[in-house]
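Chains, contacts and geometry: an overview
In case you want the letters, here they are:
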Amino acid sequence: MALWAGCATPRLVGKEPRLAPDPGVARVVVVEPFFENAEWQTSTRTERATVVAGPYGAHPVDVSRQVAEKPLYARVDSLAAEQREVIRQVQRQRPSWRVLSPSGLAGVEGPVTVVRTVVGETETVGSNRAEKTLALGFGILLPPLLLFELEPVRETQRVHGQLRRYDADAALVRSRLLRYPTQPDSAVDTRGLAALDHAFGLDLELEEGVLASDAAREPVLIVGFARKLAAAVVAIAEEQR
């Protein structure tokens, strides 16, 4: 039972963001491809490799290497997935709006609201992962310690960043589109446009088994972050200047 609990699928817990019902006011909201300003992180990755040692044949070995990468939410593929999910969630929460990426502005006329997202640093503000991992390791020798694995790992991550809102005419925004190599769609040259700027710190509370893999955890966190961020996008788009 303890080992079964240790493989429990990652899931998000805690309160879902709550918004007022859709007031029914038509609005065009352009969600830019996401930017990031997070620091690079260095971690150690261990991979399985096969080594051929002369007459002794091939045998598997563990190879460790240092890898520099951005935090999960600030990686290129994550940013693209987050933007897609935010557009979907904002449209779901505000069906009276037209929510699109900049490339969807063709044929749109009149005022639009452009929302820019900058994903920053991530911090762990609470976790019992170290204790669970230690108990699992010693539980091989002292089986009673495996009882600690009946309760899941609980971890809270806080993602920091900035939301900026620009109000402009659709024709002006179309004339200011530009493309960056790492982004899936055009961004907007916002120089000279007045901005409404808010910092955010969104908490994601995760439960999982101590043996859960990164491959299972990461999609859950990305979707959860995007759902919370969508509520913040709605709030800043509706905020009175």
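Note that the coordinates shown come from a computational prediction; the quantities given were computed from them, not determined experimentally. (Residues numbered from 1 in each chain as written. Predicted model: local features only at pLDDT ≥ 70, side-chain atom pairs only at ≥ 80, totals over all residues. Heavy atoms only, no water.)

Some remarks on the confidence of the model for the protein
Mean pLDDT for the protein: 87, with 84% of residues reaching 70 or above. pLDDT under 50 marks residues 1–6. Its contacts with residues more than four places away, or in other chains, come to 13 contacts. (pLDDT = per-residue confidence, 0-100. Contact = heavy atoms within 4.5 Å.)

Considerations on the pattern of salt bridges
Going through the model one piece at a time under the given rule, you end up with 18 salt bridges. The partner of Arg 75 in a salt bridge is Glu 218, with the nearest N and O atoms 3.6 Å apart. With a gap of 143 residues between them, Arg 75 in the loop between strand 5 (58–69) and helix 2 (76–93) and Glu 218 in helix 5 (residues 214–238) connect regions that are remote in the sequence. A relative accessible area of 21% means that Arg 75 is categorised as partly exposed. Relative accessible area serves as the criterion here: at 26%, Glu 218 is assigned to the partly exposed category. For Arg 217, the salt bridge goes to Asp 214, with nearest N and O atoms at 2.5 Å. Residue Arg 217 and its partner Asp 214 are both found in helix 5; the two are separated by three residues, about one turn of the helix. By relative accessible area, Arg 217 is classed as buried at 12%. (Salt bridge = Lys/Arg side-chain N within 4 Å of Asp/Glu carboxyl O. Helix = DSSP H or I, 4+ residues; strand = E, 2+ residues; numbered from the N terminus. Buried < 20%, exposed > 50% of the residue type's maximum accessible area, 1.4 Å probe, protein only.)

Here's the deal with the nonpolar core
Of all hydrophobic cores here, the largest spans 33 residues; its most connected members are Tyr 73, Val 86, Val 90, Val 119, Leu 163, Phe 225 and Leu 229. Mapped onto this core, the elements with two or more residues apiece are strand 2 (27–31), helix 2, strand 6 (97–100), strand 7 (111–127), strand 8 (153–169), strand 11 (195–208) and helix 5. The biggest single contributor to this core is helix 5, with 11 residues. Not counting chain neighbours up to four residues away, the residues in contact with Val 86 comprise Val 31, Phe 34, Ala 226, Leu 229, Ala 230 and Val 233. In terms of nonpolar packing, the next biggest core, distinct from the first, is built from 13 residues, Val 28, Tyr 166, Val 188 and Leu 193 among them. (Core = buried A, V, L, I, M, F, W, Y, C linked by side-chain atoms within 4.5 Å.)

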